[in-house]
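Residue-level listing of the chains:
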Amino acid sequence: MIDLRFSEAELEARRDHVVQFVRDQVEAAGVDGVVLGLSGGIDSTTVAYLAVEALGAERVHGLVLPARVSSDDNMSDAERVARDLEMSYDVIEVEPVVEALLAAYPEAEGDHLAVGNARARVRAVFNYLVANHDGRLVLGTGNRSEAAVGYFTKYGDGAVDCHPIGNLYKQQVRQLARALGAPEELVTKTPTAELWADQTDEDELGIDYDTLDAILVSHVDGPLSVAATARRLEVDPKTVEMVRGLYEASAHKRRAPPAPEPLE
Ligand SMILES: Nc1ncnc2c1ncn2[C@@H]1O[C@H](COP(=O)(O)OP(=O)(O)OC[C@H]2O[C@@H]([n+]3cccc(C(=O)O)c3)[C@H](O)[C@@H]2O)[C@@H](O)[C@H]1O
Ligand SMILES: Nc1ncnc2c1ncn2[C@@H]1O[C@H](COP(=O)(O)OP(=O)(O)OP(=O)(O)O)[C@@H](O)[C@H]1O
Ligand SMILES: [Mg+2]
């Protein structure tokens with residue numbers, strides 16, 4: 001595919017840039033620190049490392065928020081990140097809240113997408129409970145690859161105050177994570193939203209991240225046509241069109257909700 005990893009000098013510059021971004025966001029908001037959800041996945045791990053580098057561990061708080069479908073391994077990795085970084089964290093079960101939602105609206109029972117998205121939104125509620133109470137910003141963990149295809153829950157993991165790694169493709173997130181000293185097992189683990197049992201990003205999206213990144217950088221974020229991208233990457237044009245379709249269908253997730261134009 002295409003190697004999107006930065007040169008050593010560029011990586012250093014990117015790292016400094018993102019660290020400074022986090023400092024600037026906190027300073028501009030006049031808050032004391034940040035909170036973020038820790039899933040044991042590489043996106044939240046990377047943002048935790050960046051935040052600690054930017055602000056110091058005492059200004060970063062983690063929330064480990066297990067649901068019924070969360071694996072013990074991921075939850076213990078999430079706690080390990082907080083411990084390694086010497087940042088404070090809480091562990092709060094989200095399932096009782098999800099169960100309360102389903103008790104109030106049993107029609108959604110068994111709808112794994114609606115219930116999975118509700119899990120992501122319950123996590124957002126906890127993030128903002130802490131942010132409001134402690135005077136913190138909620139750090140997003142979304143990267144460019146997920147954002148471009150809308151692979152996040154609107155007002156769930158998408159409900160954040162800023163996106164420190166929002167311009168980085170998944171390959172670049174992994175590279176940055178290594179440079180920051182994140183554990184190698186976390187860098188290479190299979191990405192999963194863990195909104196329902198046995199979910200993985202690449203299975204659900206129907207494409208692997210290296211191919212997705214290559215299509216994004218060539219076509220969606222780059223100058224090449226569908227046909228030229230397919231030729232360059234030696235993929236079926238239908239795969240490029242599929243990514244283009246996800247990008248277009250998820251535009252609503254990347255902008256503020258519209259209101260009618262003012263009447264003349
Ligand atoms: N054109 C349009 N203009 C304005 N709003 C529009 C719309 N189309 C749908 N909508 C609204 O958006 C809703 C659908 O969006 P949403 O609720 O997000 O739901 P949806 O996009 O269907 O599902 C979220 C996807 O993101 C994945 N995910 C979620 C969370 C974390 C991660 C991860 O990688 O960790 C991945 C999840 O597995 C699933 O594939 C609709 O119910 C409707 O309310
Ligand atoms: N069990 C959880 N506890 C706390 N936060 C969570 C949990 N599950 C998901 N999140 C939050 O939702 C975000 C989105 O999940 P996502 O899977 O895209 O990222 P990740 O788990 O950090 O990395 P990866 O995509 O490689 O799995 C996480 O980064 C984290 O902030
Ligand atoms: Mg994950």
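Quantities reported herein were computed from a predicted structural model and do not represent experimental measurements.

Right, let's get into the UniProt feature "domain: NAD/GMP synthase" (unreviewed entry) in the chain. The positions that UniProt labels "domain: NAD/GMP synthase" (unreviewed entry) are, in the present scheme, residues 17-257. Secondary structure within residues 17-257 divides into 55% helix and 7% strand; the distance between the first and last C-alpha atoms comes to 29 Å.

A few words on the sheet that holds strand β4 (residues 136-138). On the basis of which strands lie adjacent, the open sheet formed by four strands has the order β3-β2-β1-β4 and parallel pairing. Among the strands making up the open sheet, the edge pair consists of β3 (88-91) and β4. Here the average twist between neighbouring strands, direction ignored, is 25°. Sheet analysis places strand β1 (residues 33-37) next to β4, joined by three bridges and oriented parallel. Paired with Val 34 across the strands is Leu 137, a residue of β4. Across the face of the sheet, helix α2 (residues 42-55) comes into contact with β1 and β2 (60-64) while running at roughly 170° to β1. Helix α5 (residues 112-134) rests against β1, β2 and β4 of the sheet, and its axis sits at about 160° to β4.

Bringing the environment of Val 130 into the picture now. Structurally, the position occupied by Val 130 is in helix α5. On a C-alpha basis, the gap between Val 130 and Val 91 in space is 12 Å, while along the polypeptide they are 39 residues apart. For Val 130, the contacting residues outside a window of four places in its chain are Val 35, His 61, Leu 63 and Arg 136.

Taken together, 22 residues are adjacent to ligand 2, and Gly 37, Gly 41, Asp 43, Ser 44 and Thr 141 come closest. The set of elements that each furnish at least two residues to the shell around ligand 2 consists of β1, α2 and β2. Considering every element that reaches the shell around ligand 2, the biggest residue donor is α2, with three residues. Taken together, the residues of the shell around ligand 2 break down into nine nonpolar, seven polar and six charged.

Here we come to the nonpolar core. In terms of nonpolar packing, the biggest core is built from 57 residues, with Val 34, Leu 36, Leu 38, Ala 48, Leu 50, Ala 51 and Leu 139 touching the most fellow members. Per element, the largest residue contribution to this core is eight residues, and it comes from α2. If we skip the residues at most four places from it in the chain, Leu 50 touches Val 18, Val 19, Val 22, Pro 164 and Leu 180.

Residues annotated in UniProt with the feature "binding site: deamido-NAD(+)" (unreviewed entry) correspond here to Arg 121, Lys 154, Asp 161, His 252 and Lys 253. Mapped onto the secondary structure, Arg 121 falls in helix α5. On the basis of neighbour count, Arg 121 is assigned to the buried category, with 20 C-beta atoms found within 10 Å. Once residues within four sequence positions are removed from consideration, Arg 121 is found in contact with Thr 153, Tyr 155 and Gly 156. The residue Lys 253 is located in the segment after α12 (237-249) in this model. Residue Lys 253 is classed as partly exposed on the basis of its 15 C-beta neighbours within 10 Å.

Helix length check: helix α3 (residues 72-85) (14 residues) gives 20 Å between terminal C-alpha atoms against 20 Å at 1.5 Å per residue, within 8%. Within α3, the full set of buried residues consists of Asp 77, Ala 78, Val 81, Ala 82 and Leu 85. Angular distribution of buried residues about the axis of α3 spans 140°; they occupy a single face of the element. Along α3, exposed side chains directed more than 90 degrees from the buried face belong to Asp 72, Asp 73, Ser 76 and Arg 83.

Attention shifts here to unusual backbone geometry. Here Glu 194, not a glycine, exhibits a phi torsion of approximately 50°, which is positive. In this fold, Glu 194 is placed in the loop between α8 (184-188) and α9 (201-205). You can call Glu 194 buried: it has 22 C-beta atoms within 10 Å.

Let us look at helix α7 (residues 170-180). Counting buried positions over the 11 residues of α7 gives nine, a clear majority of the element. Among all positions of α7, only Lys 170, Gln 171, Gln 172, Val 173, Arg 174, Gln 175, Leu 176, Ala 177 and Leu 180 are buried. Taken together, the buried residues of α7 touch α1 (8-29), α2, α6 (144-148), α8 and α10 (209-220). Within two residues after α7, Gly 181 carries a phi angle of roughly 95°, on the positive side.

Right, let's get into the site of ligand 1. For ligand 1, the set of nearby residues contains 16 residues, the closest of which are Ala 120, Thr 153, Lys 154, Ala 193 and His 252. Contributions of two or more residues to the shell around ligand 1 are made by α5 and α9.

Criteria and thresholds
- Residues numbered from 1 in each chain as written.
- Chains lettered and ligands numbered in written order.
- Predicted model: local features only at pLDDT ≥ 70, side-chain atom pairs only at ≥ 80, totals over all residues.
- UniProt positions renumbered as here; feature names shortened; annotations may be inferred.
- Helix = DSSP H or I, 4+ residues; strand = E, 2+ residues; numbered from the N terminus.
- Pairing = 2+ DSSP bridges.
- Axes fitted to C-alpha atoms, helices over the stretch in contact; angles between N-to-C directions.
- Contact = placed C-beta atoms within 7 Å.
- Near = placed C-beta within 6 Å.
- Nonpolar A, V, L, I, M, F, W, Y, C, P; charged D, E, K, R; others polar.
- Core = buried A, V, L, I, M, F, W, Y, C linked by C-beta atoms within 7 Å.
- Buried ≥ 20, exposed ≤ 12 C-beta atoms within 10 Å, placed from the backbone.
- Expected span 1.5 Å × (residues − 1).
- Arc of directions from axis to C-beta.

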